[in-house]
Amino acid sequence: MADGGDFYSRDRPRDPDPQLAEDRPRGGGPEDPHSRGNWPVWAIVLAVILVFVVLTVIFG
């Protein structure tokens, strides 16, 4: 069985302080998918109100 130090030293870069790029960078940016806002919610609410008003005018 391999020594603990030998096991963890095999696939590491030779540099003492490597600056490797992250696969999934942390933080947000301009391409952040959660910055859509809440306009879809308002669109659904307004559509429901519009349908209610139209049905009230037709059948009222």
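So, how was this worked out
The residue numbers shown here count from 1 along each chain, following its written sequence. Local features are withheld for residues below a pLDDT of 70 in this predicted model, meaning they are given only at 70 or higher, and side-chain atom pairs are given and counted only at 80 or more; totals for whole chains, interfaces and linings count all residues. To get the side-chain values, take all heavy atoms of the structure and skip hydrogens and water. Numbered from the N terminus, helices here are DSSP runs of H or I no shorter than four residues, and strands are runs of E no shorter than two. Note that accessible areas follow from Shrake-Rupley with a 1.4 Å probe, and for residues the cover is restricted to the protein chains shown. Patch definition: residues above 30% relative accessible area lacking any salt bridge, with like charges linked at up to 9 Å and the nonpolar side chains Val, Leu, Ile, Met, Phe, Trp and Tyr linked at up to 5 Å. Any carboxyl oxygen of Asp or Glu within 4 Å of a side-chain nitrogen of Lys or Arg constitutes a salt bridge here. UniProt positions are given in the numbering used here, feature names are shortened, and annotations may be inferred rather than shown by experiment.

Engineer: I'd love a proper account of the overall build of the chain, names of residues and values included.
Structural biologist: Of regular secondary structure, the chain possesses two helices and zero strands. Taken as a whole, the chain presents about 6500 Å² of accessible surface, with 61% of it coming from carbon and sulfur.

Engineer: For a nonpolar patch on the surface, give the residues involved together with the corresponding values.
Structural biologist: Among the surface-exposed residues, V41, W42, V45, L46, I49, F52, V53 and V57 lie close enough to one another that they form a single nonpolar patch of about 820 Å² accessible area. The residue V57 is located in helix α2 (residues 39–59) in this model.

Engineer: Which residues make up the UniProt feature "transmembrane region" (unreviewed entry) in the chain, and what values go with them?
Structural biologist: The sites that UniProt annotates as "transmembrane region" (unreviewed entry) are residues 39–59. The distance separating the terminal C-alpha atoms of residues 39–59 is 30 Å; by composition the span is 100% helix and 0% strand.

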